[in-house]
Number of protein chains: 2
Amino acid sequence: MSDKTDSAPVPSKDAAGVLSIDAMGGDLGPEAVVAGLARAVKSIPAIRFIVHGDKPVLDALIAKRRGLSDHCTVRHAADVVAMTDKPSQVLRTGKDTSMWSAVEAVKSGEATVCVSCGNTGALMAVSMIRLRKLPGVNRPAIAILWPSRNPSGFNVMLDVGADIRADADDLVQYALMGTSYARNGLGLDRPRVGLLNVGTEENKGRTELKEAHDKIETVAADNGFDFVGFVEGGDIPGDRVDVIVTDGFTGNVALKTGEGTARFVRDMLGEAFRATPLSKIAALLAMNSLKRLSKRIDPRRVNGGVFLGLNGTVVKSHGSADEMGVAAAVQLAWSLSESGFSDRLRARVAAATASLEKAE
Amino acid sequence: MSDKTDSAPVPSKDAAGVLSIDAMGGDLGPEAVVAGLARAVKSIPAIRFIVHGDKPVLDALIAKRRGLSDHCTVRHAADVVAMTDKPSQVLRTGKDTSMWSAVEAVKSGEATVCVSCGNTGALMAVSMIRLRKLPGVNRPAIAILWPSRNPSGFNVMLDVGADIRADADDLVQYALMGTSYARNGLGLDRPRVGLLNVGTEENKGRTELKEAHDKIETVAADNGFDFVGFVEGGDIPGDRVDVIVTDGFTGNVALKTGEGTARFVRDMLGEAFRATPLSKIAALLAMNSLKRLSKRIDPRRVNGGVFLGLNGTVVKSHGSADEMGVAAAVQLAWSLSESGFSDRLRARVAAATASLEKAE
């Protein structure tokens, strides 16, 4: 990947309220994406889309949804990035894909945020090469919202897989970017930030974590967040912090372990309710309450990893996202677009970089 | 910690069926430990204990449980390792603690397996210094049983926190030790072993993981296990593998994330059942089924991390273990003692070390 940083795309006035949508490359195809757009339009009448992909197919799908065509401009892209394509290969030969085209519309300033259900590695590679890294950012990160005991119902965790490595300075950047995201995505004035580590005192020995701990402590006050220090895996769904900072390897394992565990408990619960005639009746009686629970921990509701640290915002939806999942990712993209998130993040990183340099 | 390895303790014939119990240092004190011993005796009449701690206190607690004194020899230890004690400090000044005394009884061959609810770091340090590492093992590991979709109901995961680092050779040793544990602890003839990694192809780049992948593949056939290659966090509660191999940092984060998520979902479920009058009735009707579910995912049932790679077996119970938790840890220790686990593990590591050296 390139190490170059570059100036921001300058969104034209027309870009306000315009999202760039990669309609191909998800597991459920363009049908699910267009259905998700139609669902999002119902709650956000002002939203507009540039939709990238196979034009005849997309035109037909959009025409079927009443009123949707008023919100959409379709831009033809002949190719699709497959889930199995290697990022390096997409960089070489992917210029005609819907993914490339979708990122390009943010680069050119026609849209504010890009949304794609495609291959994560390829999307990160294309985003890096076209949007470039923010000045001061070495490694971009993917941030997600995680169901938690907090009043907002969520924590922010990053990085969950943009890069398998992170040194102390990267972790400091993640703390700053996570703070911006919690402020704009969760509406928190003064997020509490924690650095993920393991429990025993003796083990708090990874050099980069100790160093990151001290550096994050130094920048916290000037950047409007509270640093609570080291946190553990058990705090990820907890209420001690709003932002959990870790490297992409650990974050990805934690994310998938948490998702797998929640799925496991849910399946066991289903089995428990099917076990006896009495429990089947109980399931009927409790149906509404259980639906609320299910909604609370439904990964589709929090669908969308956000790429942070680039000149422009990209939302990565789950590859298997259905209509509801796509709509959630689009709504997230919209709220980030409306809050001027890209500009705020850029300003924060620039200010912090300056103050860190002064401190050294 | 010492790098020396040493010869095995030679258990006398009298050691068969004898477990060494550190009765102090758990959060709930010696009452909970003695209650757990009494519970274990009911299901295993042949079991005997050497119980270490404050003799007058322990004698009184044991005397209260009918018949328990026939199973117990109490050995006085004046001091207790506190949860906040640093391992290095315990090594210097901890010779009179119940923990030290409990490990010593395995070292001297009086007992086969040691069980403690005390401070993990200190217990590992004392075990390392007194029992020494097995020849061929560089880093000992802590293995746990994790509730999963497998027919046995569990997977084995290691390391969950003995060390924050692991190089390729350590990971190979973990695969071998995990195989032994799955064979003796879960009764599996031919365990399936996976190496924990992150999802995207491009990210499969950590050098030590690639190297470990190839080395584990090489030793699998000769050591009676199937290597399924890389697995992800979602496979930890799944049914693709029986043994999950990872470094102690990642394993500890995954363990605590999984525990935290399960607790979170369980609490949300409780809230759902208290939400409405109908759902309260449902909770009553489903009570038996929900109890079964709760038991299935109850961490107390799988209480006990096992230290692997030492001359002798040590079971670390949760610090907060109650009567049921202590009994579970004791039962695990008993089954490892009965299967001659220490000797089998030693033989396996020795054979594999020889075959790896031959291959190089």
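All of these numbers come straight from a predicted model, not from anything done at the bench.

Peer 1: What's the story with the overall build of chain A in this structure? I'm lost.
Peer 2: Of the regular secondary structure elements, chain A holds twelve helices and eleven strands. For chain A, the C-alpha radius of gyration of 21 Å lies close to 21 Å, the compact-globule estimate for 360 residues. With respect to the three principal axes, the spread of C-alpha positions in chain A is 65 × 60 × 35 Å. Considering only residue pairs separated by 6 or more positions, chain A has 74% of its internal contacts joining residues 24 or more positions apart. Just so you have it, chain A exposes about 14,200 Å², and 51% of that area is on carbon and sulfur atoms. Between the centroid of the 44 positive side chains of chain A and the centroid of its 43 negative side chains there is a distance of 5 Å.

Peer 1: How do you make sense of the relation of the copies chain B and chain A when you look at a structure like this?
Peer 2: One copy of the chain maps onto the second through a rotation around an axis plus a translation along that axis. The transform that puts chain B on chain A rotates by 180° and translates by 0.0 Å along the axis, for an RMSD of 0.0 Å. Within this description, the copies of the chain are treated as partners about a two-fold rotation axis. Taking C-alpha positions as reference, the residue of chain B nearest the rotation axis is B:Ala282, located at 2.1 Å.

Peer 1: Explanation requested: the domain arrangement of chain A in the structure shown.
Peer 2: Interface size is commonly expressed as the accessible area that is lost once the parts come together. Residues and elements named next belong to chain A. Partitioning chain A into domains gives domain 1 (8–137 + 309–360) and domain 2 (139–300). Placing a centre on the C-alpha atoms of domain 1 and another on those of domain 2 gives a separation of 24 Å. Counting residues at the interface gives 25 residues for domain 1 and 19 residues for domain 2. The tally of links from domain 1 across to domain 2 stands at zero salt bridges. Where domain 1 packs against domain 2, one counts three residue pairs in polar contact (both at pLDDT 80 or more). When contributions to the side of domain 1 that touches domain 2 are tallied by element, the ones reaching two or more residues are helix H5 (120–131), helix H11 (323–338) and helix H12 (341–359). It is H12 that contributes the most residues to the side of domain 1 that touches domain 2, eight residues altogether. Grouping the constituent residues of the side of domain 1 that touches domain 2 by class yields 13 nonpolar, seven polar and five charged.

Peer 1: Is there a simple way to explain the side chain of A:Asp159 in this structure?
Peer 2: Residue and element names in this part refer to chain A. Here Asp-159 is to be found in the loop between strand E6 (154–158) and helix H6 (168–185). Side-chain polar atoms of Asp-159 contact the backbone nitrogen of Ala-162, separated by 2.8 Å. Apart from the residues within four sequence positions on either side, Asp-159 is in contact with Ala-141, Ile-142, Tyr-174, Thr-246, Asp-247, Gly-248, Gly-251 and Asn-252.

Peer 1: Would you take a moment to explain the sheet that holds strand E3 (residues 72–76) of chain B for this structure?
Peer 2: Hydrogen bonds along the backbone pair up the strands of a sheet, which may run parallel or antiparallel. Residue and element names in this part refer to chain B. Reading across the sheet, the eleven strands line up as E3-E2-E1-E4-E11-E10-E5-E6-E9-E7-E8 and stay open at both edges, with mixed pairing between neighbours. Each having just a single partner strand, E3 and strand E8 (226–231) make up the two edges of the open sheet. Direction aside, neighbouring strands of the sheet carry axes that sit 25° apart on average. The sheet contact formed by strand E7 (residues 192–196) and strand E9 (residues 243–245) spans three bridges and is parallel. Bridging across to E9, Val-193 finds its partner in Val-243.

Rules behind the numbers
Residues numbered from 1 in each chain as written. Chains lettered and ligands numbered in written order. Predicted model: local features only at pLDDT ≥ 70, side-chain atom pairs only at ≥ 80, totals over all residues. Heavy atoms only, no water. Helix = DSSP H or I, 4+ residues; strand = E, 2+ residues; numbered from the N terminus. Rg over C-alpha atoms; globule rule 2.2 N^0.38 Å. Contact = heavy atoms within 4.5 Å. Areas by Shrake-Rupley, 256 points an atom, 1.4 Å probe, with all protein chains shown as cover. Lys, Arg positive; Asp, Glu negative; His and termini not counted. Charge placed at Lys NZ, Arg CZ, Asp CG, Glu CD. Least-squares fit on C-alpha atoms with pLDDT ≥ 70 in both. Domains from an automatic or database assignment. Salt bridge = Lys/Arg side-chain N within 4 Å of Asp/Glu carboxyl O. Polar contact = N/O pair within 3.5 Å; in protein donor to acceptor, adjacent residues only side chain to side chain. Nonpolar A, V, L, I, M, F, W, Y, C, P; charged D, E, K, R; others polar. Pairing = 2+ DSSP bridges. Axes fitted to C-alpha atoms, helices over the stretch in contact; angles between N-to-C directions.

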